[in-house]
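# Commentary on secondary and tertiary structure
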Amino acid sequence: SGYRDGRGQSPSLWGRPRCEDGATDRAAVLFGASHALREAIGSPVPAADRDRINDAVATVRLALGDEQFAAARARGLALSATAAIALATARTDADT
C-alpha cells in the first residue's frame, strides 16, 4: 500500500519515466519531490523499488552532472505536494 498518484504510481517512481524520456532535469526535480513527500508521510521507498530507483537516479546524475542534478533535486525538495503531483502527472512533448 502507501501513497499512489492518480495513475497508481508510487511517488518514488515519478522520475523514472522522465529519465527514460530523456528529460533528465525534470526527472531530478521529481526525484527530489518524491523524496520530500516520502519524508513528510514517513514512508520509505519499498524494498522492491530501491534498485530501480537507485539506477534511475544514477543515470540522471550522470547525464546532468553532480551540480546540475543537486540543483534540480533541490527544486523538487522545495515543491509543495500539490505542485509535485501536478508536475508528475503533467503531459510533456515526450508523452505525445
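The paragraphs below set out a description of the structure included in this document. (Residues numbered from 1 in each chain as written. Predicted model: local features only at pLDDT ≥ 70, side-chain atom pairs only at ≥ 80, totals over all residues. Heavy atoms only, no water.)

So, on to the pattern of salt bridges. In total, this model carries two salt bridges according to the counting rule given. Of the charged contacts in the structure, one is a salt bridge between Asp25 and Arg75, with a shortest N-O distance of 2.6 Å. Of the two residues, Asp25 is situated in helix H2 (residues 24-41) and Arg75 in helix H4 (residues 66-78); the sequence distance between them amounts to 50 residues. For Arg75, a relative accessible area of 41% translates into the label partly exposed. Taking the shortest distance from any N to any O, the salt bridge between Arg52 and Asp49 comes out at 2.3 Å. Here the residue Arg52 and the residue Asp49 both occupy positions in helix H3 (residues 47-64), the gap between them amounting to three residues, near one helical turn. Residue class for Arg52 comes out partly exposed when judged on its relative accessible area of 35%. Residue classification places Asp49 among the buried positions, given a relative accessible area of 9%. (Salt bridge = Lys/Arg side-chain N within 4 Å of Asp/Glu carboxyl O. Helix = DSSP H or I, 4+ residues; strand = E, 2+ residues; numbered from the N terminus. Buried < 20%, exposed > 50% of the residue type's maximum accessible area, 1.4 Å probe, protein only.)

The end-to-end C-alpha separation of H4 is 18 Å, in line with the 18 Å expected for 13 residues at 1.5 Å each. Residues of H4 that are buried include every one of Phe69, Ala72 and Gly76, and no others. Along H4, the residues classed as buried sweep out an arc of 70 degrees about the axis, all on the same side. Exposed and oriented more than 90 degrees from the buried face of H4 are Asp66, Glu67 and Ala78. Elements that come into contact with the buried residues of H4 comprise H2 and H3. (Expected span 1.5 Å × (residues − 1). Arc of directions from axis to C-beta. Contact = heavy atoms within 4.5 Å.)

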